[in-house]
Amino acid sequence: MGNLKNSSTQTAAAVFFDSVARNILAQNALPDLRGATILLPNYHSARPLAQALSVEACLPALLLPRMVTLSDWAQSISLDISVQPDTQRITALYQALRERRWFADADLWSLSRELLGLMDDLTRHHVALPESGTEFAEQLAQAYRARSGQAMQFEARVVHELWYAMATGGELAGELDSVRAYQQRLAQLAQRVDTPLYVLLTSDLAAPEAHFLEACRARVAVTIFDLRKMVADAPACALLSRSLQHAAESADLRSAAALLKKLPDAALSQRLRLFGAHSLEQEARAAEVQVRRWLLAGRQNIALVAQDRLVARRVRALLERAGVLVRDETGWTMSTLAVSTVLMRWLDALQSDFYYQDLLDLLKSPFIFADLEANARKQAVYQLEQLVRKHGVASHLDAFFDLAHGAAGVQTALARLRQAAESLRRGSDTLGGWLRALDDSLSILGVLQGLAADEAGAQLLQALHTGQQELAADNTRFSRAEWRRWLAQQLDAHTFRDTSIDSPVLLTHLAATRWRSFDAVLLLGADAAHLPGTDNGSLWFNDAVRSTLGLPTRENHLAQQRDDLLGLLAMNDTVLATWQSSKSGEKNLLSPHLEMLRALHELAYGDDLADKELAGMLAGAQVRAAEFPLPEAAAMPAPVVPHSLIPERISASGYNSLVACPYQYFARHMLRLNELDEVREGVEKRDYGEWAHDILHRFHQQFPLLGEHARAALEEALQHISSEVFAPAVERDYLARAWLLRWQQAIPAYLDVQLKGEAEGWRYQNGEVPFEMPLTGELTMHGRIDRVDARAEGAVKVLDYKMMDAIRLRNKLREPGEDVQLACYARVYEAGEAAFISIEKDKVAAVAPPQDVPELAQANIERLLTVFAQLRTGAAMPAHGVDEACVYCEMRGLCRKSDWETGTEVRGLRAVAEGGHG
């Protein structure tokens, strides 16, 4: 194959492509190379090979040979017999498994796909099963080296019976499966080949391809350029070859290192670096920093080779946050995309009888009702959500219709949902029939129009249409649940690749890098768990049996990964491999392939390949903001509010929020980001509080003066009102009876407290009193007071019912101004007294502030006016709430307290280390 030239000006990949080019040119007449065919592992290698041929030919013009992948070349051969789609084959397998009832509780669709893969493997590797199931069981027993038992006989029976059933079915239908069709195409192609073949390899060929080349050798010259052998022959790659290809033979590392010392060109210090991170986040940030450094250095073709997809997703997010887009060759499964979510939410809504969460999730999709104007669609969804949450309706389309009386947009949307639902109301159908019904329903909902306008949506529609065509002749009927599981599997099987992104940064996988070169490569997740990665195994047969049958084993899978890694390192001049050196406090080992490389390199050249420069950068030692800006650490938010956002009305609860945390008030009441009301499907303590308020209001309206009535009559009346108020809830939810019993425990104690108050001269005056109290021309306080009592001399007391124990309430009132509710209510009536009425099980007590109530009310109002005056002059609203206020705060995710608290601690420690003050 000729000698490999090496030059300091040549890239690693150019050395190998030039060698291939020289061999091809030496065997063909110039300048016309069209009489040769080059089989490529992928089309990315065509351009550098064409460039190498042109350079080596030294001619003004060159007619290039045909360059093609073997799978594409085989597809150019037409067959006289039709090919059975895999969708039909899986359906046939499912039907066979369902009829035989071998796996009662298993996911038969997943099992069918697993069996289909096994049968394709058997076909691909020309495995002939015995005609008798008993003989096959004996063959398995010998391979397992175990006595044939019931389990083994069952495994043999399943595979043997289904194998022959599928083969017979295909023969009777006069169809080929996809693997047999590929083999026949290759066989016909081998009979037509009449020009020399040149093959670029990085690892062993699969059985069909190997048989094809053997057949071609009988007709034409076949030259194989095996990158493994080329690497072994290249002095500069001696270390790679010895560590990856001959690790098993290199048990004596010191002897191997001594040999490598004689080959200084084999050192990898300028080509490969390793970075061990302490966490997933540090690994992702290291990758992001390195990619940005390469971009600043002018690198225009950067590959992220993802062994760990979780790290890759985080790196992608960090890069996109920094404005660096990523081209993704690996793609996303359809099931993870929003275009698939709208389908599954629609089917979820049908199955749950339009449970409100499923319904709202569906209606909030940008793809539904795409034939309507966007604002009208959003307004209808908003109106429905407000109605649902206000009235607490949990499900049933008819119930939502009743809610939407007078809201024309909402009623139109619900009517379309009802019409679309009719398309799918059936007990069973064929898969094709279900897909047609789904298509009809999506058309009614305007989803087809929305999906068609989206690139991923268009691919999804095409996949569904193809499935419908392929299954048109299948008459097997399936229940809705079976069809849904089939649909979910189809969405998992299809991949979407976004071709609209043009970026110098590419996300790919190891197998896709064969015979490819990049300006720089980042190998993510290069630990022992991911490199070599697993092939996910098989439910059928262990490696011993697979080897006996002639099927590929785990060793074959590992060898292919090792060869791909060798090719990646040999073809590229700049590679950084990252991994997490520790996980959950435990040591996490580097990939054994790279560990061998590192050990040999350190012994031979005194360099362990660790990227100390990058580690220093991440520690902040060499980061210069002007040249390489990094995102600033998060800080406590303290927004200054524009006048347009300062409210003109405030409630007592809003004032409490302002006192607890200004930023919380800003987010809740200025940005209006309050959480929506939840639809309460079960009884909660909040319901209990509302019922108790209603009961007491009715009771005191009926009995304003308890002393005029007998105690037994009062208890009976209060019990009767309580039962009336709780009745709808008890009818709907039996657990409400427990809350009723809890309330009934408190009735005697409540009457005691009320009668004691009357004995002191207090009389019930009013309850559930709404108020509007102007404070200035720019601010009004509003709210509702639970109860107002008065004395004959004109004294007033405001009361607020609380379903909590007295100790907690006393703690709330201990510090003046910490809880402002009673003080605000007292100011409304200029009350001299105020108290919480604590109602907790069988204990009831009045809890009053320890301070003078009129002075407390005046101080609270003055503070409120001062704060609003400061806001109008540009005062900030910091997120300085105490931990107790943050525990249940729904704005915690917005202020990101956990992030900036950590950042403050880090900045403090750094300042101390530098001699400053933390």
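Residues numbered from 1 in each chain as written. Predicted model: local features only at pLDDT ≥ 70, side-chain atom pairs only at ≥ 80, totals over all residues. Heavy atoms only, no water.

**What about the packing of helix α16 (residues 356-363) against helix α17 (residues 374-391)?**
Then step 1. It is at 10 Å that the axes of α16 and α17 come closest, and there the two elements cross at 165 degrees. Considering their axes alone, α16 and α17 lie roughly antiparallel with respect to each other. For the pair α16 and α17, the crossing hand works out as left-handed. Contacts between α16 and α17 pair Tyr 356, Leu 359, Leu 360 and Leu 363 from the former with Val 381, Leu 384, Glu 385, Val 388 and Arg 389 from the latter. (Axes fitted to C-alpha atoms, helices over the stretch in contact; angles between N-to-C directions. Helix = DSSP H or I, 4+ residues; strand = E, 2+ residues; numbered from the N terminus. Parallel < 35°, antiparallel > 145°, perpendicular 65-115°, else oblique. Left-handed = near helix turned anticlockwise from the far one by under 90°. Contact = heavy atoms within 4.5 Å.)

**Brief notes about the nonpolar core**
Then step 1. One finds Trp 346, Phe 354, Phe 400, Leu 417 and Trp 483 to be the most contacted residues of the largest nonpolar core, which totals 85 residues.
Then step 2. Setting aside chain neighbours within four positions, we find Phe 400 in contact with Phe 354, Tyr 356, Leu 359, Val 388, Val 393, Ala 394, Ser 395 and Leu 414. (Core = buried A, V, L, I, M, F, W, Y, C linked by side-chain atoms within 4.5 Å. Buried < 20%, exposed > 50% of the residue type's maximum accessible area, 1.4 Å probe, protein only.)

**Digging into the domain arrangement of the chain**
Then step 1. Entries for the chain in the domain assignment read domain 1 (12-79 + 183-233), domain 2 (98-172), domain 3 (263-331 + 502-618), domain 4 (333-495) and domain 5 (651-679 + 761-873).
Then step 2. Taken together, the contact between domain 1 and domain 2 spans four residues of the former and four residues of the latter.
Then step 3. Surface buried jointly by domain 1 and domain 2 totals about 340 Å² across both partners, of which 60% is contributed by carbon and sulfur atoms.
Then step 4. When the buried surface of domain 1 facing domain 2 is broken down by residue, Gln 183, Ala 207 and His 211 rank first, second and third, together holding 79% of it.
Then step 5. For the pair domain 1 and domain 2, the number of links is zero salt bridges. (Domains from an automatic or database assignment. Buried area = accessible area lost by both parts, 1.4 Å probe. Salt bridge = Lys/Arg side-chain N within 4 Å of Asp/Glu carboxyl O.)

**Looking at the environment of Pro 642**
Then step 1. Its location among the elements puts Pro 642 in the loop between α27 (612-618) and β19 (649-651).
Then step 2. The exposure class of Pro 642 is partly exposed, given its relative accessible area of 42%.
Then step 3. In sequence terms Pro 642 and Ala 267 are 375 residues apart; their C-alpha atoms lie 62 Å from each other.

**Some words on the pattern of salt bridges**
Once their charged atoms are close, side chains differing in charge can pair, the charge on each being opposite to the other.
Then step 1. A complete count under the given rule lists 51 salt bridges for this structure.
Then step 2. Ionic pairing is found between Lys 843 and Asp 842, a salt bridge with its closest N-O pair at 3.7 Å.
Then step 3. With a relative accessible area of 58%, Lys 843 lands in the exposed category.
Then step 4. On the basis of relative accessible area, Asp 842 is assigned to the partly exposed category, the value being 45%.
Then step 5. Residues joined in a network through salt bridges with shared partners are Asp 204, Asp 226, Arg 228, Arg 562 and Asp 563.

**Points about the sheet that holds strand β2 (residues 66-68)**
Then step 1. Pairing is parallel in the open sheet, where four strands are placed in the order β2-β1-β5-β6. Of all strands in the sheet, those bounded by a partner on one side alone are β2 and β6 (222-226). Within the sheet, the average angular offset between the axes of one strand and its neighbour, ignoring direction, is 20 degrees.
Then step 2. Bridge count between strand β1 (residues 37-39) and β2: three bridges; the pairing is parallel. For Thr 37, the partnering residue across the bridge sits in β2 and is Arg 66.
Then step 3. Contacting β1, β5 (197-201) and β6, helix α1 (residues 12-26) runs over the sheet at an angle of about 170 degrees to β6.
Then step 4. Sheet strands in contact with helix α2 (residues 46-57) are β1, β2 and β5, and its direction is about 155 degrees off that of β2. (Pairing = 2+ DSSP bridges.)

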